[in-house]
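Letter by letter, the chains look like this.
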Amino acid sequence: MQIVNKTRVTRETDISLKFNLRGEGKYNIETPVNFFSHMLREFACHGKFDIELSAKSLDGDFHHLVEDVAIVLGQAFLEALGDKKGIKRYGNIFIPMDDALCQCSLDISGRAYCVCKFNLTDERTSDFETVLLVHFYNTFAQNAGLTLHLRQIEGFDTHHIIEASFKAFARALRSACMIDELCKDKLPSSKGVL
């Protein structure tokens, strides 16, 4: 299954998502946090994921909004992968953006683990609380079953660092879920399970 529809409605948020793993990077993304919406558009564009997302905050707490979007996106990604046969499994990339340089290495392993190393000196960039960055990545990894390592190597502009991290994450995911033509009917695991 490549296209997944998900909804999540709680007392805190109301989220609906249509996610296409093998898309063209098309998007229609609406959240009340402009910078977060911008980052999700970069995620769609650079991952070549088609994303239709409507995310509403019902309690005015953007911590809950970012977390719930990460839950729904992570679950949709995992569901869209299906049985995972033939995927390359691993992704690794360095992405520069002006002063910023970020690296993302990940494994679609079924074992959720997240390590993020950022040196963000600003508490906010635009309308986004920077403390939510690591929370987003950790929550996505937990729900998608990823081993995820993301780190800032260089940079001083908070906007550039965060944007480089989203682009790196998207491109590493895209690489990891691509089909390996030499092993397209096999799981990329000596255990026979991911």
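Residues numbered from 1 in each chain as written. Predicted model: local features only at pLDDT ≥ 70, side-chain atom pairs only at ≥ 80, totals over all residues. Heavy atoms only, no water.

Chemist: Help me out: how do you make sense of the sheet that holds strand β2 (residues 13-20) in this one?
Modeler: To summarise the sheet geometry, strands pair through backbone hydrogen bonds and adopt either a parallel or an antiparallel arrangement. Strand order in the open sheet formed by 4 strands is β1-β2-β4-β3, with mixed pairing between adjacent strands. Strands at the two margins of the open sheet, each flanked by one partner only, are β1 (3-9) and β3 (27-30). Taking each pair of neighbouring strands and ignoring which way they run, the sheet shows an average axis angle of 5°. Pairing geometry for β2 and strand β4 (residues 50-57), over 8 bridges, is antiparallel. (Pairing = 2+ DSSP bridges. Helix = DSSP H or I, 4+ residues; strand = E, 2+ residues; numbered from the N terminus. Axes fitted to C-alpha atoms, helices over the stretch in contact; angles between N-to-C directions.)

Chemist: Is there a simple way to think about the packing of helix α2 (residues 62-81) against helix α3 (residues 132-144) in this case?
Modeler: Two numbers describe a pair of packed helices, the interaxial angle and the distance between the axes. It is the contact of α2 with α3, at a shortest axis distance of 7 Å, that shows an interaxial angle of 30°. Taken together, the axes of α2 and α3 are roughly parallel relative to one another. The way α2 lies across α3 gives a crossing that is right-handed. Residue-level contacts link Phe-62, His-63, Val-66, Glu-67, Ala-70, Ile-71, Leu-73, Gly-74, Gln-75, Phe-77 and Leu-78 of α2 to Leu-132, His-135, Phe-136, Thr-139, Phe-140, Asn-143 and Ala-144 of α3. (Parallel < 35°, antiparallel > 145°, perpendicular 65-115°, else oblique. Left-handed = near helix turned anticlockwise from the far one by under 90°. Contact = heavy atoms within 4.5 Å.)

Chemist: Explanation requested: the environment of His-135 in the structure shown.
Modeler: Its location among the elements puts His-135 in helix α3. Apart from residues no more than four positions distant in its own chain, His-135 is found in contact with His-63 and Glu-67. A polar atom in the side chain of His-135 sits 3.3 Å from the side chain of His-63. (Polar contact = N/O pair within 3.5 Å; in protein donor to acceptor, adjacent residues only side chain to side chain.)

Chemist: Even after reading the chapter, I still don't get α3, so can you show me in this structure?
Modeler: Residues that lie three or four places apart on an α-helix share one face, since the helix turns once every 3.6 residues. If you check α3, its first and last C-alpha atoms are 18 Å apart, about what 13 residues at 1.5 Å a residue would give, namely 18 Å. On its buried side, α3 packs onto α1 (34-47), α2, β7 (113-117), β9 (128-129), β10 (147-154) and α4 (158-177). Note on α3: the residue one or two positions beyond its end, Gly-145, has a positive phi of about 70°. (Expected span 1.5 Å × (residues − 1).)

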